[in-house]
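# Inside the fold
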Amino acid sequence: MSKKLPLRMCTGCGEMKSKKEMIRVLKTPEDEIVIDSTGKKNGRGAYICCSVSCLQKAIKTKGLERSLKVSIPKELVETLEKEMVLLESGKQENI
């Protein structure tokens, strides 16, 4: 019997994908917002597809803010976009 893959919904596009295909944005107990590449850090998480467009959509519709239950400052949005671009280019190289 095969193991069930955990599915998560993208806060940007609303698509259901397996947890491993997505990137977790995390609000730590110290109220920091970071990208959790391991998927195992402590805190409240929201999942986004591995694309900058999904991140921008999640920010525009405030889906990320609703999921993390916190308002996200503009500087942090820019930092998240830069990190996402780096992760996206890293994923393309692995394919």
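Residues numbered from 1 in each chain as written. Predicted model: local features only at pLDDT ≥ 70, side-chain atom pairs only at ≥ 80, totals over all residues. Heavy atoms only, no water.

## Here's the deal with the pairing of strand β3 (residues 22-27)
Judged by how many residues are buried, β3 sits mostly within the fold: six of six residues are covered. Neither face of β3 is left uncovered, since the one carrying M22, R24 and L26 and the one carrying I23, V25 and K27 both have all their residues buried. Strand direction decides the pairing type here: β3 and strand β5 (residues 44-49), joined by six bridges, are antiparallel. Paired with L26 across the bridge in β5 is G45. Where β3 lies against strand β4 (residues 33-36), four bridges are found, and the strand directions are antiparallel. Of the residues in β4, the one forming a bridge with K27 is I33. With antiparallel pairing between neighbouring strands as the criterion, β3 and β4 make up a hairpin whose turn holds five residues, including D31 at a positive phi of roughly 65°. (Buried < 20%, exposed > 50% of the residue type's maximum accessible area, 1.4 Å probe, protein only. Helix = DSSP H or I, 4+ residues; strand = E, 2+ residues; numbered from the N terminus. Pairing = 2+ DSSP bridges.)

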